[in-house]
Amino acid sequence: MFRRTFWFTAGAAAGVWATAKVNRKIKQLTPESLAAQAADKAVVAGHRLKDFALDVREGMVRREAELGEALGLEAPVDPDLPVQPHFAVEAAPPGRRGAPARNRTLPYNSYNRNEDH
C-alpha cells in the first residue's frame, strides 16, 4: 500500500514539475518575449560598442599626445605669427585635369546627422 502511494505521489510531482517547466518554456518562446529578449541584447551590445569606441578614442588621444610630444608639436606658439589652418584634404586648384567639379570649399560640413560630431 505504501509503495503504491509513494509512486503515485512521485509521478504526480514529476508531472506537475514537467508541466510547469514546459509552460515556462512556452512563455519564453512567444513573439513578445522573443522581441523583448532581442531588444535587451541589442541594448547590451550597444553599450559594449559605446564602451569600445570610448576606449579607442582615449587611446587615440593618448597616442596623439605622445606623438605630438615626440615631434615637438606641443611647443608654445609665437603670438606674432599668423595662424595657418591646416586641412587634411587640400582642394584641387581650378582648371586642373581630373579635378572634381564641385562648388564647395574646404572645410566641408556635410550636415549628416549620422556622423559622429
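Keep in mind that what you see is a predicted model, and the values were worked out from it rather than measured. (Residues numbered from 1 in each chain as written. Predicted model: local features only at pLDDT ≥ 70, side-chain atom pairs only at ≥ 80, totals over all residues. Heavy atoms only, no water.)

Engineer: Can you help me understand the overall build of the protein in this one?
Structural biologist: From N to C terminus, the protein includes 2 helices and 0 strands. Out of the 117 residues in the protein, the part that is buried amounts to 2%. Summing over all exposed atoms, the protein offers an accessible surface of approximately 11,800 Å²; the carbon and sulfur share of this is 61%. (Helix = DSSP H or I, 4+ residues; strand = E, 2+ residues; numbered from the N terminus. Buried < 20%, exposed > 50% of the residue type's maximum accessible area, 1.4 Å probe, protein only. Areas by Shrake-Rupley, 256 points an atom, 1.4 Å probe, with all protein chains shown as cover.)

Engineer: I would appreciate a short explanation of the pattern of salt bridges in the present structure.
Structural biologist: Pairing of side chains with opposite charge becomes possible as their charged atoms draw close. Applying the stated criterion across every chain, the model contains 2 salt bridges. Between Arg62 and Glu58 there is a salt bridge whose closest N-O contact spans 2.9 Å. Taken together, the residues Arg62 and Glu58, both in helix H2 (residues 31-71) and 4 residues apart, mark about one turn of the helix. Arg63 is the partner of Glu66 in a salt bridge, and the nearest nitrogen-oxygen pair spans 3.2 Å. Separated by 3 residues within a single helix, Glu66 and Arg63 lie in helix H2, roughly one turn from each other. (Salt bridge = Lys/Arg side-chain N within 4 Å of Asp/Glu carboxyl O.)

Engineer: Even after reading the chapter, I still don't get a nonpolar patch on the surface, so can you show me in this structure?
Structural biologist: Among the surface-exposed residues, Phe52, Val56 and Met60 lie close enough to one another that they form a single nonpolar patch of about 300 Å² accessible area. For Val56, the position within the fold is in helix H2. (Patch = residues over 30% accessible without salt bridge, like charges linked within 9 Å, V, L, I, M, F, W, Y side chains within 5 Å.)

Engineer: I would appreciate a short explanation of H2 in the present structure.
Structural biologist: An α-helical turn contains 3.6 residues, so any two residues separated by three or four positions project in the same direction. With 41 residues, H2 should cover 60 Å at 1.5 Å per step; its first-to-last C-alpha distance of 59 Å lies within 8% of that length. Backbone geometry just after H2 places Gly72 at a positive phi near 75 degrees. (Expected span 1.5 Å × (residues − 1).)

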